[in-house]
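These are the residues of each chain, in order.
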2 protein chains.
Amino acid sequence: MLTLKRIPIDSYRQNIAYLHRKCVAYRLDDFSAVSKIEIHGGIEPLWAIVNLVEDHNLVKPTEIGLSLQAFHQINLPEGAEVTVSPAQQPVSLDSIRRKVQGGVLSAAEYSSIISDIANYRYSKMEIAAFLVASASFMTAGEVLSLTEAMEEGERNISWDWDTIVDVHCIGGLLGNRTDMIVVPIVAAFGLPIPKIAARAIGSPCGTADVMEVLANVMLGEKGLKEIVAKENGSIIWGDYLNLAPSDAVLRAVERPLGVYTPQQMVASVLSKKLSAGITHLVIDIPVGSNAKIRTMAEAMKLRKMFEHVGDMSGMTLDIVVTDGSEPVGRGIGPTLEARDVMSVLRCKASAPEDLREKSLFLAGRVLEFDSDLRGGQGYFEARDILDSGRALEAMNRIIHAQGRATPSALGKLTRDITAPVSGTIDSINSTCIKRIASVAGSPADKGAGIDLFKKIGDFVERGEALYRIHANNQNNFAFANGLAEGDIGYEIASRDKDFE
Amino acid sequence: MLTLKRIPIDSYRQNIAYLHRKCVAYRLDDFSAVSKIEIHGGIEPLWAIVNLVEDHNLVKPTEIGLSLQAFHQINLPEGAEVTVSPAQQPVSLDSIRRKVQGGVLSAAEYSSIISDIANYRYSKMEIAAFLVASASFMTAGEVLSLTEAMEEGERNISWDWDTIVDVHCIGGLLGNRTDMIVVPIVAAFGLPIPKIAARAIGSPCGTADVMEVLANVMLGEKGLKEIVAKENGSIIWGDYLNLAPSDAVLRAVERPLGVYTPQQMVASVLSKKLSAGITHLVIDIPVGSNAKIRTMAEAMKLRKMFEHVGDMSGMTLDIVVTDGSEPVGRGIGPTLEARDVMSVLRCKASAPEDLREKSLFLAGRVLEFDSDLRGGQGYFEARDILDSGRALEAMNRIIHAQGRATPSALGKLTRDITAPVSGTIDSINSTCIKRIASVAGSPADKGAGIDLFKKIGDFVERGEALYRIHANNQNNFAFANGLAEGDIGYEIASRDKDFE
């Protein structure tokens, strides 16, 4: 018997058990061989990785400490008595090893892998092994099995309508907040569009981060349904619903690892949309040097994979390939992107034209899921809705229904990064710009980010500002400036070159 | 500026920095995006993964806590002032991502991957990604590059002789302590054999664990050289020499992951032997259901890979394939295996015949590296040395030189596991036996383990003991018994079957 103790350490999507090196109930000198234990005492056994502690103040030999998430999951008070035993390796790890050796796994195997992952029975390195093994190859049938396994484990939302539409952008393109314009257009038209958005994934800012500048995004299923019933649309944060427990665990490894797995992406996107009850989905695949997908060939492969799984699971997909050569709009960071979105909805002359046009294009494709709309009419219908102010009204109703947020200010610490030579902007390095915005504090610091003044093809004079860094925290600001000094992230084709 | 604090948590081959959620010097709300930091203040910047803490008692917002290993590595006193910055992702991670996508990496890329790994710049999941990506395929050239990169990063031992011999067994075969018999035979013959052994890797017991029952195995380079100069042989623990820093980090992930990568194994074994100054090496590849290598085809592939890298790096290899269908000897666990080894060296009638024969066979192959010995004469020479008592004398001199250990007793808690039916032993399940021995406490508890009374082909009566579990810790003993009750690990072809 060990006494339970809460250890205030956030081990991020991994359960850690802290045991004293002289723990009375469990000898674990051969640390590396059996480093997972099962903890009994709660409703279900809890699995955790062991870290050994050498200080009685932290954990006594008669105690077991649990990291914040593990403590939350076991759902027992401090001081409760628990027992521990060496964890049996999850049987599904044998399937992972078969996959590493190039095997093809069955639907039942994917089902038990996903169930073990959702229940925190895998360590992060085991999840990394799964991701990398499946990156090397997966059959179309395996992608379907994985999608269904992930959907199976989720709570499913049911709706009273036959058609539930949505739009999803493959991430990676900076400033690409089209969905926040598509949602009010489609809602104003009258199709239900319950947008369940993500926070930043490998980028300085996600749709949920930007919407949070304007409204509360933490709504449960009940709140979501009420708002969609009344306003046709909503933009909320998906993780708060806890729709996809295995997906959250998988992404917590995939994100910092930076390993891009198209099969994982298809399964992740479609399983979440299926469990959200979406019947008709527009998927935007930006292709270009600033996007996750770099070549048309990759995009076509991804599109086929989406279509196969969509067809087999009864979801209607319309997949469009768009320009991903440079950031969309001007702002990068929650407050800056919210400013761009609202300026498009308000039809301001200063609104970024590329964000407006792309949003109208995508909204048009969504509207054409309505069988009454003639093919090709969607764009014009969307433009009418936007220009008449009906999209802005719909957005304001959605914001009001979700709960309007206190307005947030732009970061007070600013610095303009200027052009080192005169010339035409040749390219913008998204990896570099992304990193500067992240380090400046985006998205956690809503006011932090980058305001782009120049885009590809623009002409700049030497010394003219290319973009402005915004930050609130002095350290973050210094780091971001340091990064920008090392590499401004812009390539300028100097006029002077012609004369050299 | 943050104040350094030692956090008494063993995070096992991964540097963890504990920062308060409200840390004054670094805002890391977007925990997952940038979870690695660089810590400045020591001789070199230290890389660490961040865990967030919510308790002032553990870490204050003005402090930075380091896990035991990280604290050891930064080599500064508690209270020292350090600064932190977001860690640049190691450039070599881009090479890993290329490998994941199926690319072939250059020697320079392997060199920087290995250097970053040895310097703890990779998280465990990044190392898992490297291992799994290289498991799917590596060219022969890549295996050579990896071997050379791993050797390069190591301290190299030089010797005064032209021929330095060694024997290495591919792990996984229980009780396979032939090297502890080969070393004294070869040393008595007069060839220098500085055996640098490992502790348990995915098995209940390694050669270093067994030797430690008899002698001190923690010798530095100076001690090793002195003993080999005087006695021709030595058996010490490799990690104590810290010869292969990257290998230790890689194995700390590979081991619990259980992903078997032949290319990684070749690089790991040969880089360590090269840096130990070995010129002539016998490699034993046991093949069978109880070994790491299950089929002859796998063994041949592995042999070719060893030979290619050996040839290119100027090491003479003699690779033999042996029977791996069942454990060698009787004991499994440090004290039990030491007992078997000494009974062979003492030429006792009760000594396990299979251990004796296999050791003589391997010793013979090593002796034949001597150009004066006629082909095929090695075995007889080895047998003469063993039977004349010269091997025992050599072993006693080596033990004396290394420092004789206090004799350790067998585990006092014992239980005999008996045959459920009468019949002939058909097979022994090594995974099962291995797990029982590990859970009983081997190798950390030197006296714990399993004593096998019956091997394949033996006849047993119902109720007769198959093996005995030894343990010292009551909990471990209970766990081990529970496991054995679930699955005894023996298949018995019942006589009664014939009459059914």
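What you see is a predicted model, and the numbers here were worked out from it, not measured in a lab.

**Some words on the side chain of B:His168**
Part 1: Relative to the helices and strands, B:His168 resides in strand 8 (residues 165-169).
Part 2: Residues within four places of B:His168 in sequence aside, it is in contact with B:Lys195, B:Val269, B:Lys273, B:Leu281, B:Val282, B:Ile283 and B:Asp284.

**Overview of the sheet that holds strand 16 (residues 449-452) of chain A**
Residue and element names in this part refer to chain A.
Part 1: Reading across from one edge, 13-16-18-14 is the order of the 4 strands in this open sheet, with antiparallel pairing throughout. Edge strands, defined here as strands with exactly one partner in the open sheet, are strand 13 (331-332) and strand 14 (413-418).
Part 2: On top of the sheet, helix 18 (residues 474-486) reaches strand 14 and strand 18 (465-471); it is set at about 5 degrees to strand 14, its chief contact.

**Considering the interface of chain A and chain B**
Part 1: Listed per partner, the contact involves 59 residues of chain A and 59 residues of chain B.
Part 2: The junction of chain A with chain B conceals about 5,000 Å² of combined surface from both sides, 61% of it contributed by carbon and sulfur atoms.
Part 3: Between the two partners, chain A and chain B, sit 4 salt bridges.
Part 4: The interface formed by chain A and chain B includes 8 residue pairs in polar contact (both at pLDDT 80 or more).
Part 5: Mapped by element, the contributors of at least two residues to the side of chain A that touches chain B are strand 2 (9-10), strand 5 (46-53), strand 7 (81-86), helix 2 (92-100), helix 4 (124-136), helix 10 (245-257), helix 17 (430-440) and helix 18 of chain A.
Part 6: Broken down by element, the side of chain A that touches chain B gets its largest block of residues, 9 residues, from helix 4 of chain A.
Part 7: Along the lines of polarity and charge, the residues of the side of chain A that touches chain B split into 33 nonpolar, 12 polar and 14 charged.
Part 8: Relative to strand 2 (residues 9-10) of chain B, strand 5 of chain A runs antiparallel, the two sharing 2 bridges.

**Things to note about the pairing of strand 16 of chain A**
Residues and elements named next belong to chain A.
Part 1: Neither face of strand 16 is exposed, since Gly-449 and Asp-451 on one face and Ile-450 and Leu-452 on the opposite face are all buried.
Part 2: As defined by bridge partners, strand 16 adjoins strand 18 across 4 bridges and the pair is classed as antiparallel. Looking across to strand 18, one finds that Gly-449 is bridged to His-470.

**What to know about the side chain of A:Glu326**
Residues and elements named next belong to chain A.
Part 1: Here Glu-326 lies in the loop between strand 12 (316-323) and strand 13.
Part 2: Of the side chains with opposite charge, Lys-455 lies nearest to the buried Glu-326, which makes no salt bridge, at 4.8 Å.
Part 3: Separated by 2.7 Å, the side chain of Glu-326 and the backbone nitrogen of Ile-456 make a polar contact.
Part 4: Not counting residues within four places of it along the chain, the set of residues in contact with Glu-326 comprises Leu-173, Asn-290, Ile-428, Lys-455 and Ile-456.

**Notes on the relation of the copies chain A and chain B**
Part 1: It takes a turn of 180 degrees to lay chain A on chain B, together with a shift of 0.0 Å along the axis; the resulting RMSD is 0.0 Å. Such a turn and shift between the copies fits a two-fold axis. For chain A, the residue whose C-alpha comes nearest the rotation axis is A:Met125, separated from it by 2.1 Å.
Part 2: Taken together, the interface assignments show that 100% of the residues at the interface of chain A recur at the interface of chain B, consistent with an identical surface on both copies.

**Quick look at the confidence of the model for chain A**
Residue and element names in this part refer to chain A.
Part 1: Residues with a pLDDT of 70 or more make up 96% of chain A, whose mean pLDDT is 90.
Part 2: In the predicted structure, residues 29-34 sits below a pLDDT of 50 and forms 14 contacts with residues beyond four places in sequence or in another chain.
Part 3: Interface confidence for the predicted complex, expressed as ipTM, amounts to 0.75; the pTM equals 0.79.

**A look at helix 10 (residues 245-257) of chain B**
Part 1: Its 13 residues give helix 10 of chain B an end-to-end C-alpha distance of 19 Å, which sits within 8% of 18 Å, the value for a rise of 1.5 Å per residue.
Part 2: Taking burial as the measure, the 13 residues of helix 10 of chain B include 11 buried ones, the bulk of the element.
Part 3: All buried positions along helix 10 of chain B are accounted for by B:Ser246, B:Asp247, B:Ala248, B:Val249, B:Leu250, B:Arg251, B:Ala252, B:Val253, B:Glu254, B:Pro256 and B:Leu257.
Part 4: Contacts made by the buried residues of helix 10 of chain B are with helix 2 and helix 4 of chain A together with helix 3 (107-118), helix 4 (124-136), helix 5 (140-152) and helix 11 (262-275) of chain B.
Part 5: Immediately beyond the C-terminal end of helix 10 of chain B, within one or two residues, lies B:Gly258, with a positive phi of roughly 70 degrees.

**Section: the pairing of strand 16 (residues 449-452) of chain B**
Part 1: Sheet topology note: the strand 13 (residues 331-332) of chain B/strand 16 of chain B ladder contains 2 bridges and is antiparallel. Its bridge partner lying in strand 16 of chain B, B:Ile332 is registered against B:Ile450.

Rules used in this analysis
Residues numbered from 1 in each chain as written. Chains lettered and ligands numbered in written order. Predicted model: local features only at pLDDT ≥ 70, side-chain atom pairs only at ≥ 80, totals over all residues. Heavy atoms only, no water. Helix = DSSP H or I, 4+ residues; strand = E, 2+ residues; numbered from the N terminus. Contact = heavy atoms within 4.5 Å. Pairing = 2+ DSSP bridges. Axes fitted to C-alpha atoms, helices over the stretch in contact; angles between N-to-C directions. Buried area = accessible area lost by both parts, 1.4 Å probe. Salt bridge = Lys/Arg side-chain N within 4 Å of Asp/Glu carboxyl O. Polar contact = N/O pair within 3.5 Å; in protein donor to acceptor, adjacent residues only side chain to side chain. Nonpolar A, V, L, I, M, F, W, Y, C, P; charged D, E, K, R; others polar. Buried < 20%, exposed > 50% of the residue type's maximum accessible area, 1.4 Å probe, protein only. Lys, Arg positive; Asp, Glu negative; His and termini not counted. Least-squares fit on C-alpha atoms with pLDDT ≥ 70 in both. pLDDT = per-residue confidence, 0-100. Expected span 1.5 Å × (residues − 1).

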